[in-house]
Amino acid sequence: DYKADILTRCDGKPFIAVLDSLDALTSDEELEREYKIAIAKAKSAEAVKELKGSYKTEKARHIGEMLRMIDGRLKKTKSAIFIVQQIRANIGVVFGKQSITSGGNAPFFYSSHQVWFTKIKPHTRTVNKIKRKIGVRSKVEVTKNKITGKERDFELDIYYDYGVDDIAS
């Protein structure tokens, strides 16, 4: 559905689309597989083993297909898509990347920019002897930048009620 929505928006008018979160998207194949597994579990353990043979790569395939189809159209229409992804621990990895994201490598390959946020410390304020979180100090790493080609690391403050502290940051 998301792919169809983005393709219909690429009709010549500029647009901005924000997808939060890529991890929450699902595909028809994934839903069908989970439905079959749920039914099989009710019948026998043998049927469950047969259905578990999938590598579960359909999300990565769909994302790659969508980004490949719209890459040139975004440039022509002067549009932008922002995709938010969460990282997960890459369990069992000793050497190499310690974290992974869903959606495969396509979001990284087709992106013009990659920005990674890491929470450094919370900002708190004490009101009536109760300590409350009011924001966070974040480390921002720009790991891919096709416009200037430079990588940048910086810190900024984000307050829950106001957003980015543009004066201090």
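Worth saying up front: this structure is predicted, and the values here are computed from it rather than measured.

(A) Looking closely at the nonpolar core. Residues Tyr-2, Ile-6, Phe-15, Ile-70 and Ile-81 are the most contacted members of the largest nonpolar core, which totals 14 residues. Among the secondary structure elements, those contributing two or more residues to this core are helix 1 (2–9), strand 1 (16–20) and helix 4 (58–77). The element that contributes the greatest number of residues to this core is helix 4, accounting for five residues. Beyond its immediate stretch of four places on either side in the chain, Ile-6 contacts Phe-15, Ala-17, Met-66, Ile-70 and Ile-81.

(B) Examining the pairing of strand 1 more closely. Of the two faces of strand 1, only the one carrying Ala-17 and Leu-19 is buried; Ile-16, Val-18 and Asp-20 on the other face are not. Note that strand 1 and strand 2 (residues 80–84) share five bridges and pair parallel. What sits directly across from Ala-17, in strand 2, is Ile-81.

(C) Representation of the packing of aromatic side chains in the model. For the structure on display, the rule yields two aromatic pairs. For the pair Phe-108 and Trp-116, a centre-to-centre distance of 6.2 Å together with 0 degrees between the ring planes defines the contact as stacked. Phe-108 gets classed as buried once you look at its relative accessible area, which sits at 18%. Plain terms: the ring middles of Phe-109 and Tyr-110 are 5.0 Å apart, the flat faces sit at 90 degrees to each other, and that makes the pair edge-to-face. Phe-109 sits in the exposed class, given a relative accessible area of 58%.

(D) A look at the layout of surface pockets. Here the largest pocket is characterised by a volume of approximately 1,300 Å³. Residue lining of the largest pocket: 30 residues in total, with Ile-81, Phe-82, Ile-83, Ser-111 and His-113 positioned closest to the centre. Of all the secondary structure elements, the ones that give two or more residues to the lining of the largest pocket are helix 4, strand 2, helix 5 (106–110) and strand 5 (113–127). The class makeup of the residues in the lining of the largest pocket is 17 nonpolar, nine polar and four charged.

(E) Expanded view of a nonpolar patch on the surface. Where nonpolar side chains cluster on the molecular surface, the patch consists of Ile-16, Val-18, Phe-82 and Val-84 and spans about 390 Å² of accessible area. Elements represented by at least two residues in the nonpolar patch include exactly strand 1 and strand 2. With respect to the helices and strands, Val-18 occurs in strand 1. Judged by relative accessible area, Val-18 falls into the exposed class, the value being 57%.

(F) Broad picture of the environment of Thr-124. When you line up the elements, Thr-124 lands in strand 5. For Thr-124, a relative accessible area of 39% translates into the label partly exposed. Between the C-alpha atoms of Thr-124 and Ile-134, which are ten residues apart in sequence, the distance is 5.3 Å. Look past the residues within four positions of Thr-124 in its chain and what remains in contact with it is Lys-131, Arg-132, Lys-133 and Ile-134.

(G) Representation of the sheet that holds strand 8 (residues 163–164) within the structure. Pairing is antiparallel in the open sheet, where four strands are placed in the order 5-6-7-8. Among the strands making up the open sheet, the edge pair consists of strand 5 and strand 8.

(H) Structural view of unusual backbone geometry. In the Ramachandran plot, Asn-128 falls in the positive-phi region, its phi being about 55 degrees despite a non-glycine side chain. Position of Asn-128 relative to the elements: it lies in the loop between strand 5 and strand 6 (130–145). Classification of Asn-128 as exposed rests on a relative accessible area of 71%. Here the phi dihedral of Lys-129 falls at roughly 65 degrees; this positive angle occurs in a residue that is not glycine.

Conventions and cut-offs
Residues numbered from 1 in each chain as written. Predicted model: local features only at pLDDT ≥ 70, side-chain atom pairs only at ≥ 80, totals over all residues. Heavy atoms only, no water. Core = buried A, V, L, I, M, F, W, Y, C linked by side-chain atoms within 4.5 Å. Buried < 20%, exposed > 50% of the residue type's maximum accessible area, 1.4 Å probe, protein only. Helix = DSSP H or I, 4+ residues; strand = E, 2+ residues; numbered from the N terminus. Contact = heavy atoms within 4.5 Å. Pairing = 2+ DSSP bridges. Phe/Tyr/Trp six-rings, centres within 6.5 Å; stacked < 30°, edge-to-face > 60°. 1 Å grid on protein atoms, 1.4 Å probe; cavity = no way out; pocket = protein on both sides within 12 Å on 5 of 7 lines; lining within 4 Å. Points joined across faces, edges and corners; volume = space filled by probe spheres on them. Nonpolar A, V, L, I, M, F, W, Y, C, P; charged D, E, K, R; others polar. Patch = residues over 30% accessible without salt bridge, like charges linked within 9 Å, V, L, I, M, F, W, Y side chains within 5 Å. Areas by Shrake-Rupley, 256 points an atom, 1.4 Å probe, with all protein chains shown as cover. Salt bridge = Lys/Arg side-chain N within 4 Å of Asp/Glu carboxyl O.

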